[in-house]
Amino acid sequence: MATTQLDSILDLNTLEQYISAIGAGTLLKSVVLFEQLMPEYVSSLVKAGDANDKETLCAEAHKFKGAAGSVGLKRIQQFSQLLQHGEEAKWDSGHMIWLAEIVEHAAQDLQQLKVYLEAKV
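Taking an unreviewed UniProt entry as the reference, the protein is identified by name as Histidine kinase belonging to Shewanella livingstonensis.

Take the environment of Lys74 next. Within the fold, Lys74 resides in helix α5 (residues 74-84). Residue classification places Lys74 among the partly exposed residues on the basis of a relative accessible area of 22%. Taking the C-alpha atoms as reference points, Lys74 and Asp11, 63 residues apart in sequence, are found 5.0 Å from one another. The contacts of Lys74, once residues within four sequence positions are left out, are Asp7, Ser8, Ile9, Leu10 and Asp11.

So, on to the nonpolar core. By size, the foremost hydrophobic cluster in this structure holds 35 residues, and its most contacted members are Leu10, Phe34, Leu73, Leu83 and Leu113. At the level of secondary structure, the elements contributing two or more residues to this core comprise α1 (3-9), α2 (12-22), α3 (24-50), α4 (54-70), α5 and α6 (91-118). With near-sequence residues (within four places) excluded, Leu10 lies in contact with Leu15, Gly72, Leu73, Lys74, Asp109, Gln112, Leu113 and Tyr116.

Right, let's talk about the UniProt feature "domain: HPt" (unreviewed entry) in the protein for a bit. Under the feature "domain: HPt" (unreviewed entry), the UniProt entry names residues 23-120. As a span, residues 23-120 carries 85% helix and 0% strand, and end to end its C-alpha atoms are 9 Å apart.

Within the secondary structure, Lys65 is located in helix α4. There is no salt bridge for the buried Lys65, and the closest opposite charge comes from Glu87, which lies 11 Å off by N-O distance. Setting aside its immediate chain neighbours within four residues, Lys65 contacts Gln77, Ser80, Gln81 and Gln84.

Okay, the packing of aromatic side chains next. Ring pairs (aromatic) are described by centroid distance and by the angle formed between their planes. By the definition in use, this model includes 3 aromatic pairs. With centroids separated by 5.2 Å and ring planes inclined at 35°, the aromatic side chains of Tyr41 and Phe64 adopt a geometry described as tilted. Here Phe64 lies in helix α4 and Tyr41 lies in helix α3, a separation of 23 residues in the sequence. Under the relative-accessibility criterion, Phe64 is labelled buried at 0%.

Note that Pro39 resides in helix α3. Residues Pro39 and Trp91, spaced 52 residues apart in sequence, show a C-alpha to C-alpha distance of 24 Å.

What counts as what
- Residues numbered from 1 in each chain as written.
- Predicted model: local features only at pLDDT ≥ 70, side-chain atom pairs only at ≥ 80, totals over all residues.
- Heavy atoms only, no water.
- Helix = DSSP H or I, 4+ residues; strand = E, 2+ residues; numbered from the N terminus.
- Buried < 20%, exposed > 50% of the residue type's maximum accessible area, 1.4 Å probe, protein only.
- Contact = heavy atoms within 4.5 Å.
- Core = buried A, V, L, I, M, F, W, Y, C linked by side-chain atoms within 4.5 Å.
- UniProt positions renumbered as here; feature names shortened; annotations may be inferred.
- Lys, Arg positive; Asp, Glu negative; His and termini not counted.
- Salt bridge = Lys/Arg side-chain N within 4 Å of Asp/Glu carboxyl O.
- Phe/Tyr/Trp six-rings, centres within 6.5 Å; stacked < 30°, edge-to-face > 60°.

Next comes the structure, spelled out in structure tokens:
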């Protein structure tokens, strides 16, 4: 994958800083833990979206944003950032689109992250 395309999915700058500080192997262990938790995060978002539960959806998006950001999942973090701000005017028209983007891309972005880190170990 081209670096510019990868940069839209992963926070390459942050990942390189993490790799320098703790090593790719240690970071990969965190990513594996995140991988185990991700289905629960995504499921909570979908359930809240399906129930039209704005408060829970925003709260779950906030948690997911932090978790995704902590492992360098840039695109997922960005959509979660948008989703967590229910007070924004664009939220009502955009939240289901942002949720769909998270559902669509979370697993493949995670796989790209793992490939990226495995190449650095």
